[in-house]
Amino acid sequence: MHPSGSSSSLGPGGLDLTQAFFKPIQRAALPSPTKRHTKISVIGAGNVGMAIAQTILTQDLADEIVLIDAKPDKLRGEMLDLQHAAAFLPRTKIHASVDYELTVGSDLCIVTAGARQNPGESRLDLLQRNVALFKNIIPPLARFSPETILLIVSNPVDVLTYVSWKLSGFPSNRVIGSGTNLDSSRFRFLIADHLDVNAQDVQAYIVGEHGDSSVALWSSISVGGVPVLSFLENQQIAYEKVTLEKIHKEVIDSAYEVISLKGYTSWAIGYSVANLARSILRDQRKIHPVSVIANGFYGIEGGEVFLSLPAQLGRGGVLGVTNVHLTDEEAKRFRDSANTILDVQRQLGI
């Protein structure tokens, strides 16, 4: 499949009409070479990849989007479908190819390619199939865009982020996993639903593995700036720990429920990843719970492991990790989550 994309060529021989259609004004300077051109490449044109691409388009986050996939016909169909909506979207060039050379000069490479998660299948069960795939994806991305930021979405995301870091040779701040950014959004929604408030007024984080061993940071939850558990204790309002655990379990099970109902998840992860892309490319310096190298935090020692922690994101990737307070129990669960990931990595010999 030859690279396909937007074109200003019309007529026999592909005549470029740009110069003929517009007459330059007098005393004009050439366009500034310093103008920032933002390029995003999305690897994997499945349900998740296309939801991310569509959300990025509607939010006007890039001047150019490149779609890469191994299935040329589906890939071209997806590209054309988006291009045909050009009259309703911000001006963005859309290209598609099976050739990774088209990703050259990308500011951000979002990797969604991988085997689909089947109903009842844990994220860690996907690992063996996806590691081999990544050995054919990450090296060419790093070669064609040596200054890019890698944003890994494929599951199991924590291990695959670690694999991507090793395969790319990039510094750790430029390899990020989408991690528990979506889990935390689900968490905030459920808390907001219980309290009948807007989810945007709830600050709450899920950290650790994006999966069954994730950790809910109940001690740091606040609503409208009010620490929830401290407020309940000060007001002598009783609450049961089992209720809190039930909410956390709903977060863990929510993706599995969506998969069992519609076969896959797409829209929520699309918005979540576009949100991360905005923070990175616009240098927003916002705090997101994403998968970063976790060694040195909360007693994580030994092997190298990527886990989600509240991190500040900007043009440089991960700018730092917040010093959020964890109770002894939360810190222990976080270390247990790390050991879960490390055990898998040891079994794979990576």
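Not measured: the values here are computed from a predicted model.

**So, the pattern of salt bridges**
Item 1. In the structure shown here, the tally under the stated rule is 10 salt bridges.
Item 2. What emerges from the salt-bridge pattern is a single network uniting Glu 245, Glu 329 and Arg 333.

**Notes on the sheet that holds strand E13 (residues 226–227)**
Strand pairing in a sheet takes place through backbone hydrogen bonds and is either antiparallel or parallel in direction.
Item 1. What the 3 strands build is an open sheet, ordered E9-E12-E13; its pairing is antiparallel. Of all the strands in the sheet, just strand E9 (202–203) and E13 have a single pairing partner and so form its edges.
Item 2. Direction of pairing for strand E12 (residues 222–223) relative to E13: antiparallel, over a ladder of 2 bridges. Within the sheet, the bridge partner assigned to Val 223 lies in E13 and is Val 226.

**Section: the packing of aromatic side chains**
Item 1. Scanning the entire structure with this criterion turns up 4 aromatic pairs.
Item 2. Where Tyr 162 meets Trp 165, the ring centres are 6.2 Å apart and the plane angle is 55 degrees; that geometry is what we call tilted. Of this pair, Tyr 162 and Trp 165 both sit in helix H6 (residues 157–168), 3 residues apart, which is roughly one turn of that helix.
Item 3. Residue Tyr 162 is classed as buried on the basis of its relative accessible area, which comes to 7%.
Item 4. Among the residues examined, Trp 165 registers a relative accessible area of 14% and is labelled buried.

**Considering a negative patch on the surface**
Item 1. A contiguous patch of negative charge, built from Asp 193, Asp 196, Glu 250 and Glu 257, is present on the exposed surface.
Item 2. Checked against the element boundaries, Asp 193 lands in helix H7 (residues 181–195).

**Description of the layout of surface pockets**
Item 1. In this model, the second largest pocket occupies a volume close to 730 Å³.
Item 2. In terms of lining, the second largest pocket is formed by 25 residues, of which the most central are Asn 181, Ser 184, Ser 185, Arg 188 and Ala 199.
Item 3. When contributions to the lining of the second largest pocket are tallied by element, the ones reaching two or more residues are H7, E9, helix H9 (241–262), helix H10 (267–281) and strand E14 (286–293).
Item 4. The dominant element in the lining of the second largest pocket, judged by the number of residues it contributes, is H7, at 8 residues.

**Considerations on helix H4 (residues 127–134)**
Item 1. Taken as a whole, H4 has its buried residues at Leu 127, Asn 130, Val 131 and Phe 134. Here the buried residues of H4 occupy an arc of 105 degrees about the axis, which is enough to place them on one side.
Item 2. For H4, the secondary structure elements touched by its buried residues are strand E6 (108–111), helix H5 (138–144), strand E7 (149–152), H6 and helix H11 (328–348).

**So, the nonpolar core**
Item 1. Within the largest apolar cluster, 80 residues are counted, with the highest numbers of intra-cluster contacts made by Ile 56, Leu 67, Leu 108, Ile 110, Ile 137 and Leu 141.
Item 2. Looking at this core element by element, the count peaks at 7 residues for H10.
Item 3. Those residues within four positions of Ile 110 in sequence are excluded, and the remaining contacts are Ile 40, Ser 41, Val 42, Ile 43, Ile 52, Ile 56, Leu 151, Val 153 and Val 273.
Item 4. Ala 192, Trp 218, Val 228 and Leu 229 belong to the second-largest nonpolar core, a separate cluster that totals 17 residues.

**Remarks on unusual backbone geometry**
Item 1. With an omega of 0 degrees, the peptide bond between Asn 155 and Pro 156 qualifies as cis.
Item 2. Among the secondary structure elements, Pro 156 is positioned in the loop between E7 and H6.
Item 3. If you check the backbone angles, Asp 60 has positive phi at about 55 degrees while not being a glycine.
Item 4. For Asp 60, the location among the structural elements is in the loop between helix H2 (47–58) and strand E4 (64–68).
Item 5. Residue classification places Asp 60 among the partly exposed residues on the basis of a relative accessible area of 38%.
Item 6. For Tyr 298, which is not a glycine, the phi torsion comes out positive at approximately 55 degrees.
Item 7. Assignment of secondary structure puts Tyr 298 in the loop between E14 and strand E15 (306–314).

**As for the pairing of strand E3 (residues 39–43)**
Item 1. Most of E3 sits out of view: 5 of its 5 residues are buried.
Item 2. Of the two faces of E3, the one carrying Lys 39, Ser 41 and Ile 43 and the one carrying Ile 40 and Val 42 are both buried.
Item 3. Read from E3 through H2 to E4, the crossover connection turns out right-handed.
Item 4. In the sheet, E3 pairs with E6 via 4 bridges, with the strands oriented parallel.

**Section: the UniProt feature "active site" (unreviewed entry) in the protein chain**
Item 1. Summarizing the sequence annotation, UniProt attributes the feature "active site" (unreviewed entry) to His 210 in the numbering used throughout.
Item 2. Looking at the element boundaries, His 210 is found in the loop between strand E10 (206–207) and strand E11 (215–216).
Item 3. Judged by relative accessible area, His 210 falls into the buried class, the value being 9%.
Item 4. At 3.3 Å, the side chain of His 210 forms a polar contact with the backbone oxygen of Gly 179.

Conventions and cut-offs
Residues numbered from 1 in each chain as written. Predicted model: local features only at pLDDT ≥ 70, side-chain atom pairs only at ≥ 80, totals over all residues. Heavy atoms only, no water. Salt bridge = Lys/Arg side-chain N within 4 Å of Asp/Glu carboxyl O. Pairing = 2+ DSSP bridges. Helix = DSSP H or I, 4+ residues; strand = E, 2+ residues; numbered from the N terminus. Phe/Tyr/Trp six-rings, centres within 6.5 Å; stacked < 30°, edge-to-face > 60°. Buried < 20%, exposed > 50% of the residue type's maximum accessible area, 1.4 Å probe, protein only. Patch = residues over 30% accessible without salt bridge, like charges linked within 9 Å, V, L, I, M, F, W, Y side chains within 5 Å. Areas by Shrake-Rupley, 256 points an atom, 1.4 Å probe, with all protein chains shown as cover. Lys, Arg positive; Asp, Glu negative; His and termini not counted. Charge placed at Lys NZ, Arg CZ, Asp CG, Glu CD. 1 Å grid on protein atoms, 1.4 Å probe; cavity = no way out; pocket = protein on both sides within 12 Å on 5 of 7 lines; lining within 4 Å. Points joined across faces, edges and corners; volume = space filled by probe spheres on them. Arc of directions from axis to C-beta. Contact = heavy atoms within 4.5 Å. Core = buried A, V, L, I, M, F, W, Y, C linked by side-chain atoms within 4.5 Å. Right-handed = clockwise from strand over helix to strand, strands pointing away. UniProt positions renumbered as here; feature names shortened; annotations may be inferred. Polar contact = N/O pair within 3.5 Å; in protein donor to acceptor, adjacent residues only side chain to side chain.

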